[in-house]
Amino acid sequence: MDDIGRDPNVARLVPGAPGAIHGNLRVQSGPRAVNLAYDFDLDVRAFRYGPVRAERLLARGTLRGDPARPITRISASGLGLRTGTLARGSFRGSLHGGPSEYGIELAVSGGAPIRSARVVASARSVGDGSFDLTTEAFDIDPGLGRFAQAAPIQLRAGPRGVRFDALALVGEAPPGAAEGPRVTVHGAVGPARAEALVIE
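Rules used throughout
- Residues numbered from 1 in each chain as written.
- Predicted model: local features only at pLDDT ≥ 70, side-chain atom pairs only at ≥ 80, totals over all residues.
- Heavy atoms only, no water.
- Helix = DSSP H or I, 4+ residues; strand = E, 2+ residues; numbered from the N terminus.
- Buried < 20%, exposed > 50% of the residue type's maximum accessible area, 1.4 Å probe, protein only.
- Pairing = 2+ DSSP bridges.
- Contact = heavy atoms within 4.5 Å.

**A few points about unusual backbone geometry**
Next up, step 1: Between Gly98 and Pro99 the backbone carries a cis peptide bond, its omega angle lying at 5°.
Next up, step 2: Residue placement: Pro99 occurs in the loop between strand E5 (86-97) and strand E6 (101-109).
Next up, step 3: Positive phi, normally seen in glycine, also occurs at Ala46, with a value near 55°.
Next up, step 4: Take Ala46: its relative accessible area is 52%, and that puts it in the exposed class.

Structure representation (structure tokens):
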């Protein structure tokens, strides 16, 4: 399929997520396309969803139930990941749970200027393809050493980008120091660029 976004069932699950796709997909549906069941093993090229882009995305998993709030178990990996204007390199991740609460794990490496990042989070669907996320673990190496979350981070992610009130990070302590540097980021990352991003 040249563009997965043209499939009405896919469009319900991930609105605005086009890309060329190859692989195996089995779909079972109840009356009026409710209680859908997907089993898939896919290779997607030129994928995009909101601010996220990937040259190649490999995904395997299952989705069951209401297309707007499915029960899922998905694992994915890929190359050429970008978020807005930032290159993220390669990634591995998983999504599981539903129909309202989901668990997310994602690790990226080889990007620039961010060398690596890892997040473990819970997500709640709020409609329109958007999710409210709360992180259980988050760490990142922006090329200045590793930073980890000082407290759980809350944000909203969806087709329009990622928005958050405050993202507090603590860096690794240098030799002889009791603690590392602290950084707080406020703002949003839109589909194409960072918006109102303030670093303290």
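**Side note on the pairing of strand E8 (residues 130-141)**
Next up, step 1: Pairing analysis gives 11 bridges linking strand E7 (residues 116-127) to E8, with the strands arranged antiparallel. Bridge pairing in E8 places Ser122 opposite Thr134.
Next up, step 2: Turn length for the E7-E8 hairpin, with the two strands adjacent in sequence and antiparallel, is two residues, and the turn residue Asp128 shows positive phi of about 60°.
Next up, step 3: Taken together, the four bridges between E8 and strand E10 (residues 154-158) define a ladder with antiparallel strand orientation. What sits directly across from Asp132, in E10, is Arg156.
Next up, step 4: Remark: five residues form the turn of the hairpin made by E8 and strand E9 (residues 147-149), two consecutive strands paired antiparallel; Gly143 in that turn has positive phi of roughly 95°.

**Quick word on the pairing of strand E4 (residues 71-83)**
The side chains of a regular strand alternate between both faces of the sheet.
Next up, step 1: Pairing analysis gives 11 bridges linking strand E3 (residues 52-65) to E4, with the strands arranged antiparallel. Each bridged residue has a counterpart across the sheet, and for Leu57 the counterpart in E4 is Gly78.
Next up, step 2: The antiparallel pairing of E3 with E4 creates a hairpin that spans five residues between the two strands.
Next up, step 3: Across 10 bridges, E4 lies against E5 in antiparallel orientation. From the neighbouring strand, Thr72 faces E5, where its bridge partner is Gly97.

**Comments concerning the environment of Ser116**
Next up, step 1: Within the secondary structure layout, Ser116 lies in strand E7.
Next up, step 2: Measuring from C-alpha to C-alpha, the distance between Ser116 and Ile140 comes to 5.8 Å, with 24 residues separating the pair along the chain.
Next up, step 3: Once residues within four sequence positions are removed from consideration, Ser116 is found in contact with Val108, Ser109, Ile140 and Asp141.

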